[in-house]
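In case you want the letters, here they are:
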Amino acid sequence: MGHDHGHHHHTHHANKKTLLIAFIIIFSYMIIELIGGILTNSLALLSDAGHMLSDAVSLGIGLLAFTLGEKAANYQKTYGYKRFEILAAFFNGVTLIIIAIFIFIEAIKRFANPPEVASTGMLIISTIGLLVNILVAWIMMHGGDTKENLNLRGAFLHVIGDLLGSVGAVIAALFIIFFNWTWADPLASIIVACLVLLSGYRVTLDALHVLMEGTPKNININKIIQVFEEDNQIVSIHDLHVWSITSGKNALSCHAVMAENYTLLESQKILSSLEHKLQHLGVEHVTIQMENKDHLHDNSILCKMESHHTHIHEH
């Protein structure tokens, strides 16, 4: 356990540092892109800046979530503030969807009458924007845990979407310079909007799943049931719940009916072996309530209440 905790703390710290660096770079460049978008009159730049704003917000919330997450659990919040991360991810996803809708509306207006765009300025700013995004994506890939941590993954998806948005703006600027295709600007912003919408939708869904106490994505519930079934000392289990406290932290609780009346020491042994097996399946917080089978059938109230038993070995 000690080793595992140390490792977790290390990735947590790395994640936080990565987010901080990414936040500073992106926030600074977003301001530049915003001013550039207004001066050059380019919607592609403005929409990219809008995306960068949501990026900065998402990174900022991520930082806040990590900082709050470090606050220890207390009596009011027994899980600490880990849950804030998920709320942050959810809020972030919704913001992205709203931004996308705004870009769509503005782009449609621009298709009707394309305004003049200062294309050279647009090209310079979007090219630098592209390089900034590549840098940030690289920092995040190397510095943090972009696969497992929902929050960091959300932020990383933003940055990738941003990067593609910058590519769109660069191409649009080139089209305007070489072919004078003014519609390339609203087209590029529509492409950005689609990317924003997609990543917003995905992050929102994932966060919602956790908020609804859904079974964690990396958990195979059948394998978990199998662990209990293979244990001869357990007759049946009921009231099984598996959920995420925050991404990467999973908990399980259930009632287990024991085959005979074990002593405390024997029960402890059974429990440790179960906990060990469950940890390999990705569950770190295990709570098992042990019951003996006589206790169930003596008491008619319990029998009625517990009629939803999943009996493993019928007796």
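Residues numbered from 1 in each chain as written. Predicted model: local features only at pLDDT ≥ 70, side-chain atom pairs only at ≥ 80, totals over all residues. Heavy atoms only, no water.

**Digging into helix α2 (residues 43–70)**
Quick note on the threshold: Secondary structure follows DSSP: runs of H or I at least 4 residues long count as helices, runs of E at least 2 residues long count as strands, and numbering of each begins at the N terminus. Take the residue count of a helix, subtract one, and multiply by 1.5 Å to get its expected span. Only protein chains enter the calculation, and the probe is 1.4 Å; a residue is then buried if its accessible area is under 20% of its type maximum, exposed if over 50%, and partly exposed in between.
Here α2 contains 28 residues, and its C-alpha end-to-end distance of 40 Å stays within 8% of the 40 Å for a straight helix at 1.5 Å per residue. Where burial is concerned, most of α2 is hidden: 20 out of the 28 residues are buried.

**Describing unusual backbone geometry**
Despite not being glycine, Glu213 shows a phi value in the positive range, around 55°. Residue classification places Glu213 among the partly exposed residues on the basis of a relative accessible area of 40%. If you check the backbone angles, Asp239 has positive phi at about 50° while not being a glycine. As for its position among the elements, Asp239 is in strand β1 (residues 234–246).

**Looking at the pattern of salt bridges**
Worth spelling out the cut-off: Each reported salt bridge corresponds to a side-chain nitrogen of Lys or Arg within 4 Å of a carboxyl oxygen of Asp or Glu.
Counted under the stated rule, the structure contains five salt bridges. Here Glu106 makes a salt bridge to Arg110, at a shortest N to O gap of 3.9 Å. With Glu106 and Arg110 both in helix α3 (residues 83–112), this residue pair falls four residues apart, about one helical turn. With a closest N to O distance of 3.5 Å, Lys249 and Glu284 form a salt bridge. Residue Lys249 is located in strand β2 (residues 249–258), and its partner Glu284 is located in the loop between α8 (264–280) and β3 (285–292); the two are separated by 35 residues in the primary sequence. Judged by relative accessible area, Lys249 falls into the buried class, the value being 16%.

**Here's the deal with the packing of aromatic side chains**
We apply this condition: For Phe, Tyr and Trp, rings pair up if their centres lie within 6.5 Å, where Trp contributes its six-membered ring, and each pair is then called stacked (planes under 30 degrees apart), edge-to-face (over 60) or tilted (otherwise).
As enumerated under the stated definition, the model contains five aromatic pairs in all. Look at Trp181 and Trp183: their rings are 5.2 Å apart centre to centre, the planes differ by 15°, and that puts the pair in the stacked class. Ring pairing ties together the aromatic residues Phe175, Phe179, Trp181 and Trp183, which thus form one cluster.

Shape is all these values report; function is a separate question.
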